[in-house]
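# Structure at a glance
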There are 2 protein chains.
Amino acid sequence: MLGIEEIGYYIPTERISNYQRKEQFGIDDHFIEQKIGVKQVSLKSADEETSDLCVKAFEELGRKTALEKEDIEAVVVVTQNPDRNIPHVSAMVHGKLDLSPQCACFDISLGCSGFVYALSVFQAFMAANGMKKGIIITADPYSKVVDPNDKNTALLFGDAAAATLISDTPRLVSQKFTFGTLGVEHEKLICNDGTLFMNGRAVFNFAAKTIPGDIRLLAEKNDIALDAIDLFLFHQGSKIIVETIADKLGIPLEKAPYKTYDYGNTVSSTLPILLADELHKEARTIAICGFGVGLSWASGLLKRL
Amino acid sequence: MLGIEEIGYYIPTERISNYQRKEQFGIDDHFIEQKIGVKQVSLKSADEETSDLCVKAFEELGRKTALEKEDIEAVVVVTQNPDRNIPHVSAMVHGKLDLSPQCACFDISLGCSGFVYALSVFQAFMAANGMKKGIIITADPYSKVVDPNDKNTALLFGDAAAATLISDTPRLVSQKFTFGTLGVEHEKLICNDGTLFMNGRAVFNFAAKTIPGDIRLLAEKNDIALDAIDLFLFHQGSKIIVETIADKLGIPLEKAPYKTYDYGNTVSSTLPILLADELHKEARTIAICGFGVGLSWASGLLKRL
C-alpha cells in the first residue's frame, strides 16, 4: 500500500516583515497577528527559480531519509508559477537531479488545493503503474506574481517548496477524498498580465461557506465521526479563515492549528509543511483540506499505519 | 472498467499554407510533402483562448455522444499554453460549461507525451475515487509561442483541441504503459521569453533513438508480439519521424499512419485526433506513443472491448 513516508521542505531565509509595512498599508498589530496571522513572508532570492526551490526541498527530504535517485520512479511538481511554461518544471528538476530515464515526470497546475489533489492523483498513478517510490513536489513562489504594493496579496503569500516521498513503506496512508470546483468564480483569484489579483473577501466567503460542508462530507465518505479525527490541517490561507472553518465545525483550535506566522501562505506547500511536523508525532487520523485558486477545493483523510 | 468511450475534436478552420512559404524558408514540395508532411497548419483566431478551444472540443464530443453535464465527475486539461497560469484552464472550462461543483478539475502540464500520460493518470485518479465519467481535454495552441519566421517551428505546429470521454462503458481500455524522461535534454525544446525554440535535429534524434526501444518495452510489458498489434499511433511530430520509427521497428506504414498533412503537429492533441477516427473502426489492439517536450515520452496499449 502506498502512502506518505517522509516530507522535506525548504523555506527561503529572507523575510519581508509585515510590521514594517503597517504604515504603508494602514494595518495594525491586531490585523497582523490575529486576522491574517502573518508577521513576515518568506522570499526567494531573485536568481532562485521554481525548479531550484524543488531541488532544495528534495535535498532536504534526502537528509531526512535515505533516497537512492535511481529508485525514484515518478516525480510530479505542483505549481502555477513554473520556471517557464515549456517544458514542465518536473522535467527540469529531473535534469537537475539527474534522475533515471525511466522516471515518469509531469506537472499539475493547481493552487492551494494542489497538494491534496496531487496526493490522490499521484498515488493512483503510481499504484496503477506498479511504482513503489515517487515524489510529490509543491513549489508555487507567489513572489513572482505578487504586486508588493497590493495589500490584498503582498502581506499574505510566502515562497516555499515541499517534497513528499510516496512509497510502499508509508507512515500515513490516505483514505477517501473529496473534490470540488467553482469555475464560475475563478476571477476572484487570478493572474492578469502576470500580476496576481485576489478578491480577499470573496475568497474568504467561498472558503467559509464551502469547506465546513466539505469536511462533513469527507467524514461521511470515510464513515468516521468528526470528533474521532485527531487533527485537521487546513490550508493556511490566513489565521482567520482557519479559525472560522474550525469554529463552524465546532473543532477546538488545538485540533486545527494555524502555524504560518513566520513565512505566510505558501500555497500548495502549506499542507505538506504542516504534515512534515506531524509525521513523527501521535495523531492517528488526520484530515487535510486545501482551497483557493480555481476556485477549487479538496480534502483527504490520512491514517497512521 | 474505465476506458475511452468517445472523442470529439476541434481544429480551427483557418490555415497557413506552407506552399506559400517556400521562398521565405527555402523549402520545396518534397520537403513539405515527404519530410515534414505538413502542407498547412491550423491557426486559431486571435480572440480564441485555450479554454475556448477546450469548450469547442467538448461541444463536438457532446454532438457525438449523449453527455449530461451533471454526470461529469472530473475534467483534466493537458496544456502548456494556458489562458493564463493562474487559475488552471480546467477551472475556466468548468465555469464556461457550468459543470457541477462536485466535479474535480486539474491541469496537467506536458507537451507531446501529454495525452498518453493523461490517459494513465486520469483513469487511475477516476478509478481510485470511484468516478464513472470524466473528460481529458488536450489543448496546446502553439501559435501562441511560435515565431512565424522560425523555420524550425512555424512550418510544423498547428492549433487544435480534443476532448476524450473516459467512462465505465468504454470502447477501448488501456493495458500497461511505459514512461520516460530525459530532463538533461530539456533545452532542446523550450520556451524562452514566450517564444518556442526547437533544436529539430536533436529532437528527431532523441525520438529516433528512444521510441523504438520504448515500443519494444511496451510490447514486452504487455506480453504481446509487435506484429500482434494492429495499429501504431505515433505522435505526429513530422512525417519523417513517424516513418523512421516505424522503419526501425519493421512496422509497415499502413499500420503506423501519418495523417496530419492538413493541420500539422497539434502537440498533445495529435493522438486523440487520430484515435477519434479509429474508435469506430476495426483495430482491436492499438499502441499509442507520444514524445517531445521535456524531453518526455509515454506509450500505452489499448484493447477494444
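Residues numbered from 1 in each chain as written. Chains lettered and ligands numbered in written order. Predicted model: local features only at pLDDT ≥ 70, side-chain atom pairs only at ≥ 80, totals over all residues.

This paragraph deals with the overall build of chain A. Counting its secondary structure elements, chain A contains nine helices and 13 strands. Its C-alpha atoms give chain A a radius of gyration of 18 Å, within 12% of the compact-globule value 19 Å for 305 residues. Dimensions of chain A, computed from the C-alpha atoms along their principal axes, are close to 55 × 50 × 35 Å. Classification of the 305 residues of chain A by burial places 61% in the buried group. Within chain A, contacts between residues separated by at least 24 positions form 80% of all contacts whose residues are at least 6 apart in sequence. (Helix = DSSP H or I, 4+ residues; strand = E, 2+ residues; numbered from the N terminus. Rg over C-alpha atoms; globule rule 2.2 N^0.38 Å. Buried ≥ 20, exposed ≤ 12 C-beta atoms within 10 Å, placed from the backbone. Contact = placed C-beta atoms within 7 Å.)

Attention now goes to the relation of the copies chain B and chain A. Placing chain B over chain A gives an RMSD of 0.0 Å and needs a rotation angle of 180°, together with 0.0 Å of translation along the axis. In the structure described here, the two chain copies are related by an operation that fits a two-fold rotation axis. Comparing interface residues between copies, 100% of those in chain B also sit at the interface in chain A, which points to an isologous, same-surface contact. (Least-squares fit on C-alpha atoms with pLDDT ≥ 70 in both.)

Moving on, we come to the domain arrangement of chain A. Residue and element names in this part refer to chain A. Domain boundaries in chain A define domain 1 (3-170) and domain 2 (173-304). The gap between the C-alpha centroids of domain 1 and domain 2 is 17 Å. With 45 residues of domain 1 at the interface, the matching set in domain 2 holds 44 residues. Looking at the side of domain 1 that touches domain 2, the elements that each hand over two or more residues are strand 1 (3-10), helix 2 (29-36), strand 3 (40-42), helix 5 (114-128), strand 6 (133-139), helix 6 (151-154) and strand 7 (161-167). A breakdown of the residues in the side of domain 1 that touches domain 2 according to their chemical character gives 23 nonpolar, 16 polar and six charged. (Domains from an automatic or database assignment. Nonpolar A, V, L, I, M, F, W, Y, C, P; charged D, E, K, R; others polar.)

Once that is clear, we can look at the nonpolar core. Formed by 226 residues in total, the largest nonpolar core has its most connected members in A:Ala57, A:Ile137, B:Ala57 and B:Ile137. Discounting chain neighbours no more than four positions away, the residues touching A:Ile137 are A:Cys54, A:Ala57, A:Phe58, A:Val75, A:Val77, A:Val78, A:Val93, A:Ala161 and A:Ala163. (Core = buried A, V, L, I, M, F, W, Y, C linked by C-beta atoms within 7 Å.)

Below, the discussion takes up the pairing of strand 6 (residues 133-139) of chain B. All names here are of chain B. Counted residue by residue, strand 6 has seven buried out of seven residues, so it is predominantly covered. Taking every second residue as pointing to the same face, both faces of strand 6 are buried, with Lys 133, Ile 135, Ile 137 and Ala 139 on one and Gly 134, Ile 136 and Thr 138 on the other. Sheet topology places strand 4 (residues 74-78) next to strand 6; five bridges connect them, and they run parallel. From the neighbouring strand, Val 76 faces strand 6, where its bridge partner is Ile 136. Two elements, strand 6 and strand 7 (residues 161-167), share seven bridges in a ladder whose sense is antiparallel. Considered in strand 7, the bridge of Ile 136 is made with Thr 164. (Pairing = 2+ DSSP bridges.)

A few words on the interface of chain B and chain A. Every contact between the two is made by 50 residues of chain B and, on the other side, 50 residues of chain A. Every element with two or more residues in the side of chain B that touches chain A is listed here: helix 4 (89-97), strand 5 (104-109), helix 5 (114-128), strand 8 (172-181) and strand 9 (189-192) of chain B. Class assignment of the residues belonging to the side of chain B that touches chain A gives a composition of 30 nonpolar, 17 polar and three charged. Pairing geometry for strand 5 (residues 104-109) of chain A and strand 5 of chain B, over three bridges, is antiparallel. Note that in strand 5 of chain B the partner of A:Ser109 across the bridge is B:Asp107.

Before going further, it helps to spend a moment on the packing of helix 3 (residues 50-64) of chain A against helix 4 (residues 89-97) of chain A. All names here are of chain A. Helix 4 packs onto helix 3 with a crossing angle of 55° between their chain directions and a minimal axis gap of 9 Å. By the criterion of interaxial angle, the relationship of helix 3 to helix 4 is oblique. As helix 3 packs across helix 4, the resulting crossing turns out to be right-handed. Side by side, helix 3 and helix 4 meet where Thr 50, Ser 51, Cys 54, Val 55 and Phe 58 of the first sit next to Val 89, Met 92, Val 93, Lys 96 and Leu 97 of the second. Of the residues contributing to the contact of helix 3 with helix 4, the split by class is seven nonpolar, two polar and one charged. (Axes fitted to C-alpha atoms, helices over the stretch in contact; angles between N-to-C directions. Parallel < 35°, antiparallel > 145°, perpendicular 65-115°, else oblique. Left-handed = near helix turned anticlockwise from the far one by under 90°.)

All right, on to unusual backbone geometry then. All names here are of chain A. That bond from Gly 294 to Leu 295 is cis: its omega, -15°, falls within 30 degrees of zero. If you trace the backbone, Leu 295 turns up in the loop between strand 12 (285-292) and strand 13 (296-304). Despite not being glycine, Val 267 has its phi angle at roughly 60°, a positive value. Here Val 267 shows up in the loop between helix 8 (239-249) and helix 9 (270-278).

So, about helix 5 of chain A. Residues and elements named next belong to chain A. For helix 5, built from 15 residues, the straight-helix expectation of 21 Å at 1.5 Å per residue is met to within 8% by its first-to-last C-alpha distance of 20 Å. Among the 15 residues of helix 5, 13 are classified as buried, and the element is accordingly described as predominantly covered. In the segment just after helix 5, Gly 130 is the residue with positive phi, at about 65°. (Expected span 1.5 Å × (residues − 1).)

This brings us to the pairing of strand 5 of chain A. Residues and elements named next belong to chain A. With six of its six residues buried, strand 5 lies for the most part within the structure. What you see with strand 5 is no split at all: Ala 104, Phe 106 and Ile 108 on one side and Cys 105, Asp 107 and Ser 109 on the other are buried throughout. Bridge count for strand 4 (residues 74-78) against strand 5 is five bridges, and the pairing is parallel. Each residue of the ladder has a partner; that of Ala 74, found in strand 5, is Ala 104. With helix 4 bridging strand 4 and its parallel neighbour strand 5, the resulting β-α-β unit is right-handed. (Right-handed = clockwise from strand over helix to strand, strands pointing away.)

This part covers the packing of helix 5 of chain A against helix 5 of chain B. As a packed pair, helix 5 of chain A and helix 5 of chain B sit with axes 8 Å apart at the nearest point and diverge in direction by 105°. Overall, the two elements helix 5 of chain A and helix 5 of chain B adopt an arrangement that is roughly perpendicular. Judged by residue contacts, A:Ser120, A:Val121, A:Ala124, A:Phe125, A:Ala127 and A:Ala128 of helix 5 of chain A engage B:Ser120, B:Val121, B:Ala124, B:Phe125, B:Ala127 and B:Ala128 from helix 5 of chain B. When grouped by side-chain class, the residues that make up the contact of helix 5 of chain A with helix 5 of chain B number ten nonpolar, two polar and no charged.

Residues and elements named next belong to chain B. Of note, Ala 154 is situated in helix 6 (residues 151-154). The buried category is assigned to Ala 154, around which 21 C-beta atoms lie within 10 Å. In the structure, Ala 154 is positioned 120 residues away from Leu 274 in sequence and 22 Å away in space, judged by C-alpha atoms. Excluding residues that lie within four positions of it along the chain, Ala 154 makes contacts with Val 146, Asp 147, Pro 148 and Asn 149.

Right, let's get into the environment of A:Tyr9. All names here are of chain A. If you trace the backbone, Tyr 9 turns up in strand 1. For Tyr 9, a count of 26 C-beta atoms within 10 Å corresponds to the buried category. Considered as a pair, Tyr 9 and Ala 57 are 48 residues apart in the sequence and their alpha carbons are 4.5 Å apart. Setting aside residues no more than four positions away along its own chain, Tyr 9 makes contact with Ala 57, Glu 60, Ala 160, Ala 161, Ala 162, Ser 269, Pro 272, Ile 273 and Ala 276.

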